[in-house]
Amino acid sequence: MSQLDPKTIGRRRLLKLGGGGVLGVAAAAALSGVGTRSDNYQTKEAAAGEYPLAKPENIIYTVCRLCNVHCPIKVKVSDGVAVKVDGSGYSAQSMYPHLAYATAPSAAATVDGRLCPKGQSAIQYIYDPYRIVKVLKRAGPRGSGKWSTIPFDQAIKEIVSGGKLFSNIAGEEQREVEGLNSIWALRDNAVATKMGDDVKKILAEKDAAKKKALVDKFKTDYAKDLDKLIDPEHPDFGPKNNQFIFEGGRMEPGRQAVFDRALKNAFGSVNLYHAGGSMCSASVYQAKTEMTNEFVEGKWTNGKKESAPDALNTEFILAFGINYFEGRGVTPYAGRVTDGLVSGRLKVAVVDPRLSKMAAKAWKWLPVKPGADGALAMGMIRWIIENERFDLRYLRNATKAAAIADGEPTVSNATWLVRLDDNGKASVFLHGSEIAIASKEQRPTADGKEWTFDPFVVIKDGKPAAFDPSDQRTVVEGDLLVDTTVGGVRVKSAFQLLRDEAFSKSLEEWATISGIPARDIAAVALEFTSHGKKAGTGEYRGVAAHSNGFSATQAIFSLNLLIGNIGWRGGLSAGGGEWDNMGGKTGQPYNLTKLHPGKFTGFGLMLTRQGSKYDESTIFAGYPAKRPWIPIPGGAIRNEIYPSMVDGYPYKAKALFTYKANTITQAPGGQAYINALKDTNTLPLFFSCDIGIGETSMYADYIFPDTSVWERWGFPGSIPEVPQRLSKVRQPAISPIPESVKVFGEEMPICAESICLALAEQLKLPGFGPNGLAEGMDFKRPEDFYLKRVANIAFGERADGTDGVPDASEEEVNLFAASRTHLSSAVFDLARWQKTVKPELWRKVVYVLNRGGRFQDFDAGWKGSLLANEPRKVFSSEEEWRQDLLDTEQLSAQPKGVMAFYAENVAKAKNSMTGASFSGVAHWEPPADLLGKALPVSDGELNLTSYKEVGQGHSRTASGYWVLGTHPESLLYINKTDADQRHLSSGDRVRLTSRTVPGSIDLGNGATAEMTTRVKVTQGIRPGVLALAGGYGHWAMGARDVVIDGKVVKGDARRGKSMHPNMVVAADPQVPTAVTAELIAGNIATYDATVKIAKV
Amino acid sequence: MAKTSRRKLLKGAAASVSTLALAATPLSRAIPVQASEAIGPAPGVLARRGRNLSAALAERGAPSGGLLPATHAISVPLPTGSGTAVAAQQAAASAESSVVRMQAELKRAMEKPIAQRKWTMVIDQRKCVGCSACTVACIAENNLPPGIAYRPVLEEEIGEYPKVTRRFTPRPCMHCDEPPCVPVCPVGATYKRPDGVVVINYDRCIGCRYCIVACPYGARSFDFGEHYTDGTPGRQPYEESPALEYGKEWSRSSVEGITRKCHFCVHRLNAGMLPACVTTCIGEATYFGDLNDPESLVTELVTSGRAVRLKEELGTKPNVYYLV
């Protein structure tokens, strides 16, 4: 603890850290949990009214990270110890209306905002006795639980240089490990760029022989650099650099930029995987993105992956597989919903096989069959079309001008014509030049090149009309139902395609498939269409985590399009967005993407093959592909990383760096990854950065400690649940718990940033160290980078500076220093911080940091009847229009795209397992395996679903003893009918087994994890369905014993109760080394899982 | 010292409780009542009956006997004179935060003499989402040990599939006007303050647990002196930090072996802040204020016609109301 400055450390703090004795106990030396203190406090009488936690100098505003909603918080500090966390009054996520941004911190100090139980438990995650504080190197085979503490510098050197790193371990005496220095093969950016361009040509070549010829030419052209490629026969794999894989779990847009800078844009690997992606809601995200894309330079792009009904103004929320009171957005959203429910403004219907807490408050609980949300939505669509309850005026608009004329904030593609192929299947949009009613047009791109515009077509009064959807001046409307031939081309309108799908089954049939009575489907459809624009859907993992999650989302989201609610007050909101902290807007002070001397652009196929086309690759070998290729991934396809390593498909991995990634428990079916990670042939080098020894990092060769989210920097994004613009800034609120080290000569804690900096220092990666950002601009410490991002937020997005925050007053500048006296020099030094930004920006930076970010005032969330996306006006001049865009749209994140009943990107993509094209329009498809066959269900099997207790995260909450106090274990919810059949009563312990998981998991170290838990018999779940909360059942993270430096550190059984539902999810019946997944965007089909239960 | 050893003896020794407690009873009579607002009751408070709602309303000229004004349950009035022009449809959204409003009311109440305040909590069960943020916030705020939650949230399932619902009931101390816990205390350690808060003088409590038995709401707990992080690699600093209850710093050892309970966060009230369970409530289901203030939000809610109290039949006259 030498990093602590004795001058700034309180007496009690010293006591708590046990003086110099913290690291004295060898066995627990690497863990934080060895604080001791004298038990003889004087009971100190405080003056009446004295409450130290109400004083502004004891408060630092930062951001929670116990779920992906990231609530701004205030950390209250006493003698250097974080003792209480509350919601920030400055934030629209924590109060409504929240405090004005101009409120002085001295006044805000006594105002506490809302915070959920997880956030309230922050203190227990900071001060987790099982946190690691030093670097651990394994002292036995992978997974053995035996560790040695080693110096940080040694670990970095070993990882960079390689060698016989584990010669002390039986069986690995002669094993030579390839270090990063050797894996970093291709370092010349010019060569890489040229190779990348040539690979694109190879991929674009359809003819196999010509493709082979191009590969041969490539080999000749780059003869002297072929040794730098993974496989010269397959240049599309890219350079060896790609064999270094980075997997980031709970990633946020603070650190992500540092990882990207070091590992992608300096080391040059394409294999960086960030955040939940396929394990979360990839298919919902991507379906919504594809349905809200903008048409930019001939491409469909910039769609919004997230949306939520504007809860303070809406009148009806239809929630599909989303728990606003438990899982998604609880702190910002729950109060908005309850407010509406009690005032009578709002009705809620919840589609969920489990009676969630929100369903308990709902007007209707619709206990849908798992995986049949899409059928329910299709039934609603049928009813809405049949009864003409859609917004005809909105749907007819084809151009922006038409939308403007109607006061609509968006336009849809309902009337646009889609070509049908020879089989009558919809393919791509019809263009004007194809039927000779318009000609193509060359237009300039933003970066000075050209693109070809070919107008789209609608039928108006029986005649085709060509149009530009972005046209602000020409009103074009079209017919809704079109099924015809124009200019010899078979076409249907997008709306017609939707109608055909919806009418393919009767309402009764939709009712049978979904398990929801037809009268309820009709009632919900009537309600949904009875509030004008003031209704909307919410949808999340309950929809996404099925093999049909994409098409189900298309159906659900089409409901919103039918009433045209996007961008309306009380309608659907994408959230208020944020100020660009990377400085990408013209005139911002620091464009950090560009401030990168020696930046490297790599190329090649990702290990998971995500985003690449199977049929274009050099390893195309017919259908099915050996493993799935996800063409339009809705995030990182993390479930494919480890099994692809095992298969060496498309290539082998050499090193893996995991950060906060607990994939074994987070990925359904993750139990299958244990052997992959244990095998040093599959994975020669594996290092991890983790807060503790986790279920996945326990198999690593090295584990680096990390600063917790209350000790570090970060810039979490805005959320759709809040319509105001907000830029949250995470900053150190307490001194770091991990030990201090020196990198580039600077003192800093061991953490993700110091690992990146140290790797950069050792490898000499460009873009770090002295002059790392630019001449005279170092990147030697986290603040060198992060404070510039704060400065970008503080400056705002207008070049003339008129979008900036005020300068902090003298009083505020003093408070800034006074509230940081407890921070150690490893993270805080006033003079050093001040030097990182231009002098004229410093007081603005202080203003932002004193409030934990930048928050738009409450009323800015709406303008008139719209969400703060300025109603389209008719402008007298181009200048006026552009000025208006500058004033409004750029400061709003509300969708500006074309609301797509028909998503062309999807229709163009192919299924890598069957070769079939996907459908651009909402439709019903039953859950299926990877080859499209029905999933086998044997007698007595029940459908296993999972959910999140509001107090639980997945792997982050093991040390949350307070929330464990309210819910000590996870109970398996089972309907009374199912329980009676199995003679089960509440409290009985059962074992779960599935097709491929025998009821117990081999941890590969002689121990097992038992798939047992106790049941809770309930009326609140659909018969045939089970529900088990995640977050429980740890076998690492302090739940079991480990050995550090030869001494046993006892585990804590409280952390291991119950089991994790993901662990019993079976492998795909057709591809046994994969889990069943949705094949467009890649979501794991978690909730298609079936299990047997037996009393133990 | 004598007191400490007595507590240690009492800790976990259920069989001996009654004997010791009885022995202690005469002692309580001899202890003079403190007059400090921070920790002791004002003279005569123990004997003073808490004013009931209708009396309070009658005093303000409000109708009584079932003719309470039917104000809208939850609507938050627009700020008056704030100069903020908001359209009617924006009313719900643009009104000032109920937290800000209640905090202003709290400050107003704190300017009055203590005996003129009547602290009251209102919990809207329709808005409670059963998240237990209040439970945890309270544990964190008061640094409570394992086994003690001043404000648990009870859950029930009602009905049969598919017509079924769940009901959540947060249960703080009711701060009764006729608190059954007070008269049984043999040492006068627990009492009702003039502002209605039922508190415990930690310095005086001997840990006999009579009050725990007497409370019909289960709102009192015995502090067995445990720590959450005992049995792990190390006890953590947050558990060593003092509890800030009653405006004092209570070391962990100073509150072991005694009874503990919800005190409406009087240490926060003194600082002009609402109780922790109120501010943290994600469903905005908990309200707090002065029932003697006719303009207060809690008065509005209590008189809404929807307010009920738990176990009304016992005559304890709780100051915690539930909106159902």
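Note that the structure is predicted; figures quoted are calculated from it, not measured.

About the criteria used
- Residues numbered from 1 in each chain as written.
- Chains lettered and ligands numbered in written order.
- Predicted model: local features only at pLDDT ≥ 70, side-chain atom pairs only at ≥ 80, totals over all residues.
- Helix = DSSP H or I, 4+ residues; strand = E, 2+ residues; numbered from the N terminus.
- Buried ≥ 20, exposed ≤ 12 C-beta atoms within 10 Å, placed from the backbone.
- Rg over C-alpha atoms; globule rule 2.2 N^0.38 Å.
- Contact = placed C-beta atoms within 7 Å.
- Axes fitted to C-alpha atoms, helices over the stretch in contact; angles between N-to-C directions.
- Parallel < 35°, antiparallel > 145°, perpendicular 65-115°, else oblique.
- Pairing = 2+ DSSP bridges.
- Domains from an automatic or database assignment.
- Nonpolar A, V, L, I, M, F, W, Y, C, P; charged D, E, K, R; others polar.
- pLDDT = per-residue confidence, 0-100.
- Left-handed = near helix turned anticlockwise from the far one by under 90°.
- Core = buried A, V, L, I, M, F, W, Y, C linked by C-beta atoms within 7 Å.

Regarding the overall build of chain B
Here is step 1: Looking only at helices and strands, chain B features 11 helices and 11 strands.
Here is step 2: In chain B, which comprises 324 residues, the proportion classed as buried is 53%.

So, the overall build of chain A
Here is step 1: Counting secondary structure elements, chain A contains 31 helices and 50 strands.
Here is step 2: Its C-alpha radius of gyration of 29 Å places chain A within 12% of the 31 Å reference for a compact globule of 1096 residues.
Here is step 3: By principal-axis analysis of the C-alpha atoms, chain A measures approximately 85 × 70 × 65 Å.
Here is step 4: Considering chain A as a whole, with its 1096 residues, one finds that 63% of them fall into the buried category.
Here is step 5: Sequence separation of at least 24 residues holds for 72% of the intrachain contacts in chain A that already meet a minimum separation of 6.

Focus: the packing of helix α16 (residues 507-514) of chain A against helix α17 (residues 518-528) of chain A
Angle between the axes and distance between the axes: these two values describe a pair of packed helices.
All names here are of chain A.
Here is step 1: Following both chains from N to C, one finds α16 and α17 inclined at 105°, their axes separated by 8 Å at the closest point. With respect to α17, the element α16 is oriented roughly perpendicular. Here α16 contributes L507, E508, W510 and A511 to the contact with α17, which in turn contributes A518, I521 and A522.

Some details on the pairing of strand β21 (residues 441-444) of chain A
All names here are of chain A.
Here is step 1: The pairing of β21 with strand β22 (residues 450-453) spans four bridges and is antiparallel. Residue pairing across strands places R443 opposite W451, the latter belonging to β22.
Here is step 2: The loop that links β21 with its antiparallel partner β22 comprises five residues; one of these, G448, has a positive phi angle of about 85°.

Side note on the domain arrangement of chain A
Many analyses report the size of an interface as the accessible area lost when the parts associate.
Residues and elements named next belong to chain A.
Here is step 1: By the assigned domains, chain A splits into domain 1 (135-280 + 599-704) and domain 2 (942-1095).
Here is step 2: Using C-alpha coordinates to define each centre, domain 1 is positioned 29 Å away from domain 2.
Here is step 3: If you list the elements that add at least two residues to the side of domain 1 that touches domain 2, you get β7 (146-150), α20 (641-647), α21 (663-666) and α22 (674-678).
Here is step 4: Counting residues per element, the side of domain 1 that touches domain 2 draws most heavily on β7, at four residues.
Here is step 5: Class assignment of the residues belonging to the side of domain 1 that touches domain 2 gives a composition of 17 nonpolar, 19 polar and five charged.

Here we look at the sheet that holds strand β17 (residues 364-366) of chain A
Residues and elements named next belong to chain A.
Here is step 1: The strand order β17-β16-β15-β27 describes an open sheet built from four strands, whose pairing is parallel. The sheet terminates laterally at β17 and β27 (535-539), the two strands that pair on one side only. Averaged over all adjacent pairs, the angle separating strand axes in this sheet is 15°, with direction ignored.
Here is step 2: With respect to the sheet, helix α19 (residues 549-563) is in contact with β15 (316-320) and β27, its orientation differing from that of β27 by roughly 165°.

Quick notes on the confidence of the model for chain A
In low-pLDDT regions, the fine details of the predicted coordinates are not to be read closely.
Here is step 1: When pLDDT is averaged along chain A, the result is 93, and 93% of the positions lie at 70 or above.
Here is step 2: Across residues 1-28 of chain A the pLDDT falls below 50, and counting only partners more than four positions away or on other chains, this stretch makes 52 contacts in the model.

A look at unusual backbone geometry
Trans is the common state for peptide bonds, and a negative phi is the common state for residues other than glycine.
Here is step 1: Geometrically, the link from A:Y649 to A:P650 is a cis peptide bond, its omega value of 5° lying close to zero.
Here is step 2: Here A:P650 lies in the loop between α20 and β29 (655-659).
Here is step 3: Residue B:P162 follows B:Y161 across a cis peptide bond; omega there is 0°.
Here is step 4: Tracing the backbone through its elements, the reader meets B:P162 in the loop between β2 (153-160) and β3 (163-170).
Here is step 5: Look at A:F744: it is not a glycine, yet its phi comes out positive at around 50°.
Here is step 6: By the secondary structure assignment, A:F744 is in the loop between β33 (740-743) and β34 (746-749).

Side note on the environment of A:R1055
Residues and elements named next belong to chain A.
Here is step 1: Here R1055 shows up in the loop between β49 (1047-1049) and β50 (1090-1095).
Here is step 2: Taking C-alpha positions, R1055 is 7.1 Å from G1033, a pair spaced 22 residues apart along the chain.
Here is step 3: Excluding residues that lie within four positions of it along the chain, R1055 makes contacts with A958, H1034, M1037, G1038 and A1039.

Quick word on the packing of helix α10 (residues 282-290) of chain A against α19(A)
Residue and element names in this part refer to chain A.
Here is step 1: The geometry of α10 relative to α19 is characterised by a closest axis approach of 8 Å and an angle of 50° between their N-to-C directions. Considering their axes alone, α10 and α19 lie oblique with respect to each other. Note on packing geometry: the crossing formed by α10 with α19 is right-handed. For the pair α10 and α19, the contacting residues are S283, V284, Q286, A287 and K288 in the first and G549, F550, T553, Q554 and F557 in the second.
Here is step 2: Across the contact of α10 with α19, the residue classes break down as four nonpolar, five polar and one charged.

Focus on the sheet that holds strand β10 (residues 307-308) of chain B
Picture the strands of a sheet paired through backbone hydrogen bonds; they go either parallel or antiparallel.
All names here are of chain B.
Here is step 1: Reading across the sheet, the four strands line up as β9-β1-β11-β10 and stay open at both edges, with mixed pairing between neighbours. Looking along the sheet, the strands with just one partner apiece sit at the ends: β9 (286-290) and β10.
Here is step 2: Direction of pairing for β10 relative to strand β11 (residues 320-323): antiparallel, over a ladder of two bridges. Residue pairing for β11: V308 is matched across the bridge by Y322.

Things to note about the environment of A:E326
Residue and element names in this part refer to chain A.
Here is step 1: Structurally, E326 is set in the loop between β15 and α11 (330-343).
Here is step 2: Of the residues examined, E326 has 22 C-beta atoms within 10 Å and is grouped as buried.
Here is step 3: With residues near it in sequence (within four places) discarded, E326 still touches S356, K357, Y947, K948, E949 and V950.

Let's talk about the nonpolar core
All names here are of chain A.
Here is step 1: Counting 423 residues, the largest nonpolar core has A82, M380 and V845 as the members making the most contacts within it.
Here is step 2: With nine residues, the top contributor of residues to this core is α19.
Here is step 3: Taken domain by domain, the makeup of this core includes at least three residues from each of domain 1 (135-280 + 599-704) and domain 2 (942-1095).
Here is step 4: When near neighbours in sequence (up to four residues on either side) are disregarded, M380 contacts I521, V524, A525, F528 and L559.
Here is step 5: Counting residues in hydrophobic clusters, the runner-up holds five residues, among them W568, W862, L866 and A868.

Regarding helix α15 (residues 494-502) of chain A
Here is step 1: Burial within α15(A) is extensive, with eight of its nine residues counted as buried.
Here is step 2: Buried residues of α15(A): A:A494, A:F495, A:Q496, A:L497, A:L498, A:R499, A:E501 and A:A502, and no others.

Observations regarding the environment of B:M102
Residue and element names in this part refer to chain B.
Here is step 1: Its place among the elements puts M102 in helix α5 (residues 98-110).
Here is step 2: On the basis of neighbour count, M102 is assigned to the buried category, with 21 C-beta atoms found within 10 Å.
Here is step 3: Residues M102 and S296 lie 194 residues apart in sequence; the distance between their C-alpha atoms is 7.4 Å.

Thoughts on the pairing of strand β42 (residues 972-975) of chain A
All names here are of chain A.
Here is step 1: Alternating positions in β42 separate into two faces, L972 and I974 on one and Y973 and N975 on the other, with burial throughout.
Here is step 2: Pairing of β42 with strand β47 (residues 1025-1029) involves two bridges; the strand directions are antiparallel. Counterpart to I974 in the pairing with β47 is L1026.

Some remarks on helix α9 (residues 255-264) of chain A
Residue and element names in this part refer to chain A.
Here is step 1: For α9, the tally of buried residues reaches seven of 10 residues, placing the bulk of the element in the interior.
Here is step 2: Three or more residues of α9 are buried, namely R255, V258, F259, R261, A262, L263 and K264.
Here is step 3: Close packing links the buried residues of α9 with β10 (244-248), β11 (272-274), α23 (752-763) and α24 (782-795).

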